[in-house]
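Residue-level structural notes
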Amino acid sequence: MSWTDERVEVLKKMWGEGKSASQIAKELGGVTRNAVIGKVHRLGLSNRSGGGGSTKAAAKEKAPAKPKAAEKPKAAPAEPAPAAAPKPIVRPKLVVTAGQPLPPQPSANEISPEALASVREVEKKAKKLSVMELTERTCKWPVGDPATEDFWFCGLPVQQGKPYCEAHVGVAFQPMSARRDRRR
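Summary of the structure given here. Treat the numbers as computed from the prediction; the structure is a model and nothing was measured. (Residues numbered from 1 in each chain as written. Predicted model: local features only at pLDDT ≥ 70, side-chain atom pairs only at ≥ 80, totals over all residues. Heavy atoms only, no water.)

**Notes on the nonpolar core**
Ranked by internal contacts, the top residues of the largest apolar core, which has 15 residues, are Val122, Cys139, Trp141, Cys154 and Cys165. Excluding residues that lie within four positions of it along the chain, Cys154 makes contacts with Val122, Ala126, Lys127, Lys128, Cys139, Trp141, Cys165 and His168. Counting residues in hydrophobic clusters, the runner-up holds 10 residues, among them Leu11, Trp15, Ala21 and Ala25. (Core = buried A, V, L, I, M, F, W, Y, C linked by side-chain atoms within 4.5 Å. Buried < 20%, exposed > 50% of the residue type's maximum accessible area, 1.4 Å probe, protein only. Contact = heavy atoms within 4.5 Å.)

**Some words on the packing of aromatic side chains**
The geometry of an aromatic ring pair is captured by two quantities: the separation of the ring centres and the angle between the planes. Per the counting criterion, the structure on display carries two aromatic pairs. Between Trp141 and Tyr164, the aromatic rings sit 5.1 Å apart at their centres with planes inclined by 75°, giving edge-to-face as the arrangement. Here Trp141, found in the loop between helix H5 (113-125) and strand S1 (142-143), pairs with Tyr164, found in the loop between strand S2 (152-153) and helix H6 (166-172); they are 23 residues apart in sequence, far enough to count as distant. Of the residues examined, Tyr164 reaches a relative accessible area of 19% and is grouped as buried. With centroids separated by 5.1 Å and ring planes inclined at 75°, the aromatic side chains of Phe151 and Phe153 adopt a geometry described as edge-to-face. (Phe/Tyr/Trp six-rings, centres within 6.5 Å; stacked < 30°, edge-to-face > 60°. Helix = DSSP H or I, 4+ residues; strand = E, 2+ residues; numbered from the N terminus.)

**Some words on H5**
An ideal rise of 1.5 Å per residue puts 18 Å on 13 residues; H5 measures up with 19 Å between its terminal C-alpha atoms. Restricting attention to buried positions, one finds in H5 the residues Ala115, Val119, Val122 and Glu123. Summarising the axial view, the buried residues of H5 lie within an arc of 100°, below the 170-degree limit, and thus occupy one face. Exposed residues lying more than 90 degrees from the buried face of H5 are Pro113, Glu114, Arg120, Lys124 and Lys125. Elements in contact with the buried residues of H5: S1, S2 and H6. (Expected span 1.5 Å × (residues − 1). Arc of directions from axis to C-beta.)

Such coordinate-based values are descriptive only and should not be taken to indicate function.
Written out as structure tokens, the structure is:
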């Protein structure tokens, strides 16, 4: 379904009459209520405060006001005032914690050069599996950027009770004394 000019005009007309998004969707056919709401939003049509259907108050708002006998009709302004651009909504960045803070993560310069060399050697031999090929017996160490096609998982046999192979366990899990020493 595409929004043709005719369908947009029907949408605008029915929206102006106070019809609900469901009623408009049913009238247009082949479009959902949410699609109608989205199109109304993109077109910048006004929000309505009342329920569905047209009301007498809405009809009065649309009808031009009749000047009283003693009043002089006001002259229409030459140009309508430009509408103020809507201000962007600034939402604070939410930080969701799951209770416990994460333990200090080792940075590349805190990992021993031997462990890094071991990881590089292991990754040369890796099976380079996709996420769909992983099992409980394959190393789940991610390699690369998940947004690219060069992303893969190690896939070598895991160490007993761990999610990674021996080399990746050496990088991921460090002895308590090493972590304690780093904090000092």
